[in-house]
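Working through the structure, step by step
So you can see what is in the structure, the chains are spelled out below.
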Amino acid sequence: MSGQRINMRINGRDYTLIPGKDFEVTETLSELLRERLGFTGVRLSCKQGACGACTVLLNGRSVLSCMMLAVEADGCEITTIEGLPADDPVILAFANETDPGYGTAMQCGFCTPGFVLETKSLLSENPHPTREEIRDGLSGHVCRCGVYQGIEHAVEKVAQAISEEGK
Ligand code: FES
Ligand code: FES
């Protein structure tokens, strides 16, 4: 693979990169995105597939970017949190969650990009998830601040709002 060009579209912009020159062939996608290309919304915590912090969208589906090599993303379209508009409904749902009894959906914000992108992926596959399906869909994500109730409620509300809009 070293020396061959690979192509990716990241947040709407095309990149052509040479493994072995622009990045090491052994680098993960998370390392390439965060450390080489500056997409610091890709959080790195466990680096072993156990926390969900490094989640990105690969061709619209959530993946753990610490668990795949950068070269495996050749030809793919990638979205990090930086690629979503500030008024994305899922971002707004997380930012605005304050309903009594649920608390916030964001405290320190470290886990938030991963949760938001997982929610995007979940709702694109299943626009009307039940509470159990939301829990199941987000179960690979760890929030060290423990605001799980607020997150679940924010996702329920944004799913409902999107489905109302579609009526
Ligand atoms: S950093 Fe990738 S799953 Fe934890
Ligand atoms: S809000 Fe702090 S880790 Fe989730």
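Computed from a prediction, not measured in an experiment: that's the story for all the values here.

What to know about the overall build of the chain
- Of the regular secondary structure elements, the chain holds five helices and five strands.
- Order of helices (α) and strands (β) in the chain, N terminus to C terminus: β-β-α-β-β-β-α-α-α-α.
- For the chain, the C-alpha radius of gyration of 16 Å lies close to 15 Å, the compact-globule estimate for 167 residues.
- By its C-alpha atoms, the chain is 55 × 35 × 25 Å across when sized along the principal axes.
- The buried share of the chain, reckoned over its 167 residues, is 40%.
- Long-range pairs, those at least 24 residues apart, make up 60% of the contacts in the chain with a sequence separation of at least 6.

Structural notes on helix α2 (residues 89-96)
- Of the positions making up α2, those classed as buried are Val90, Ile91, Ala93 and Phe94. Down the axis, α2 shows its buried residues gathered within 160° of arc, on one side only.
- Looking at the buried side of α2, the elements it contacts are α3 (112-125) and α5 (148-165).

Notes on the domain arrangement of the chain
- Looking at the chain, the domain boundaries give domain 1 (6-83) and domain 2 (89-165).
- For domain 1 versus domain 2, the distance between C-alpha centres works out to 23 Å.
- Contact residues are listed per partner, giving 13 residues for domain 1 and 13 residues for domain 2.
- When residues of the side of domain 1 that touches domain 2 are traced back to their parent elements, those giving at least two are β3 (55-58) and β4 (61-64).
- Element by element, the count of residues in the side of domain 1 that touches domain 2 is highest for β3, at three residues.
- Across the side of domain 1 that touches domain 2, the residue classes tally to six nonpolar, five polar and two charged.

Brief notes about the sheet that holds strand β2 (residues 13-17)
- With mixed pairing, five strands are arranged side by side in an open sheet as β2-β1-β5-β3-β4. At either end of the open sheet lies a strand with only one pairing partner, and these are β2 and β4. Averaged over all adjacent pairs, the angle separating strand axes in this sheet is 35°, with direction ignored.
- The pairing of β3 with β4 spans four bridges and is antiparallel. When the sheet's bridge partners are listed, Leu57 is paired in β4 with Ser62.
- Along the sheet, α3 makes contact with β3 and β4, crossing β3 at roughly 35°.

Some points on the packing of α2 against α3
- Direction vectors running N to C along α2 and α3 enclose 135°, while the axes themselves pass 9 Å from each other. Between α2 and α3, the angle is such that the two are oblique. Remark: the crossing between α2 and α3 carries right-handed chirality. Where α2 abuts α3, its residues Val90, Ile91 and Phe94 lie against Thr112, Val116, Thr119 and Lys120.
- Across the contact of α2 with α3, the residue classes tally to four nonpolar, two polar and one charged.

Points about α3
- For α3, with 14 residues, the first-to-last C-alpha span of 20 Å sits near the 20 Å given by 1.5 Å per residue.
- Looking only at α3, the buried set comprises Thr112, Pro113, Gly114, Phe115, Val116, Leu117, Glu118, Thr119, Lys120, Ser121, Leu122 and Leu123.
- Tucked inside the fold, the buried residues of α3 contact β3, β4, α2, α4 (131-137) and α5.

Cut-off values and rules
Residues numbered from 1 in each chain as written. Chains lettered and ligands numbered in written order. Predicted model: local features only at pLDDT ≥ 70, side-chain atom pairs only at ≥ 80, totals over all residues. Helix = DSSP H or I, 4+ residues; strand = E, 2+ residues; numbered from the N terminus. Rg over C-alpha atoms; globule rule 2.2 N^0.38 Å. Buried ≥ 20, exposed ≤ 12 C-beta atoms within 10 Å, placed from the backbone. Contact = placed C-beta atoms within 7 Å. Arc of directions from axis to C-beta. Domains from an automatic or database assignment. Nonpolar A, V, L, I, M, F, W, Y, C, P; charged D, E, K, R; others polar. Pairing = 2+ DSSP bridges. Axes fitted to C-alpha atoms, helices over the stretch in contact; angles between N-to-C directions. Parallel < 35°, antiparallel > 145°, perpendicular 65-115°, else oblique. Left-handed = near helix turned anticlockwise from the far one by under 90°. Expected span 1.5 Å × (residues − 1).

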